[in-house]
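Spelled out, the chains give:
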Amino acid sequence: VQARAAVGGDEIGQDAAAFGRLGGRSARQPDDGELRLLTTALSTHRGRFQRDPEAARLVITNGESKPSDRIPAPEFAAWTMVANLVLNLDETVNRN
């Protein structure tokens, strides 16, 4: 998540890369519909966390890892939620 949020740039490419990396060895590239869903999710979460920085802080401070102070909390939290979405796909959870 830190790498994704820090890079900036083409979000569709970043979403596709996240989809592939988080999916493991048998990962595939997302189709157009999945890319739209990821891009929409990122935009939605960004807006929410920009309006509510405290909610962003709660997301990124959950757990043992310390969040980067180089990435704004709303951006970090938005990418965390997108990563969570990909990690919870059936094909990520149930690798054959």
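Residues numbered from 1 in each chain as written. Predicted model: local features only at pLDDT ≥ 70, side-chain atom pairs only at ≥ 80, totals over all residues. Heavy atoms only, no water.

Peer 1: Could you give an account of the environment of A56, naming the residues involved and the relevant values?
Peer 2: Relative to the assigned elements, A56 resides in helix α4 (residues 53–60). Here A56 falls in the buried class, since its relative accessible area comes to 0%. Counting along the chain gives eleven residues from A56 to H45, while the straight-line C-alpha distance between them is 9.3 Å. For A56, the contacting residues outside a window of four places in its chain are F49, A73, P74 and A77. (Helix = DSSP H or I, 4+ residues; strand = E, 2+ residues; numbered from the N terminus. Buried < 20%, exposed > 50% of the residue type's maximum accessible area, 1.4 Å probe, protein only. Contact = heavy atoms within 4.5 Å.)

Peer 1: Give me the lowdown on the packing of helix α3 (residues 32–51) against α4, citing residues and values where you can.
Peer 2: Here α3 crosses α4 at 115°, and the two axes come no closer than 5 Å. Comparing their axes, α4 and α3 come out roughly perpendicular. Mapping the contact onto sequence places R48, F49, Q50 and R51 in α3 and P53, A55, A56 and V59 in α4. Residues that form the contact of α3 with α4 fall into these classes: five nonpolar, one polar and two charged. (Axes fitted to C-alpha atoms, helices over the stretch in contact; angles between N-to-C directions. Parallel < 35°, antiparallel > 145°, perpendicular 65-115°, else oblique. Nonpolar A, V, L, I, M, F, W, Y, C, P; charged D, E, K, R; others polar.)

Peer 1: Any details on the packing of α4 against helix α5 (residues 73–87)? Residues and values, ideally.
Peer 2: Contact geometry of α4 with α5 gives a least axis separation of 8 Å together with a crossing angle of 55°. The angle between the axes of α4 and α5 places the two elements in the oblique class. The handedness of the crossing between α4 and α5 comes out as left-handed. Residues A56, V59 and I60 of α4 form the contact with α5, whose participating residues are A73, P74, F76, A77, T80 and M81. Split into classes, the residues belonging to the contact of α4 with α5 amount to eight nonpolar, one polar and no charged. (Left-handed = near helix turned anticlockwise from the far one by under 90°.)

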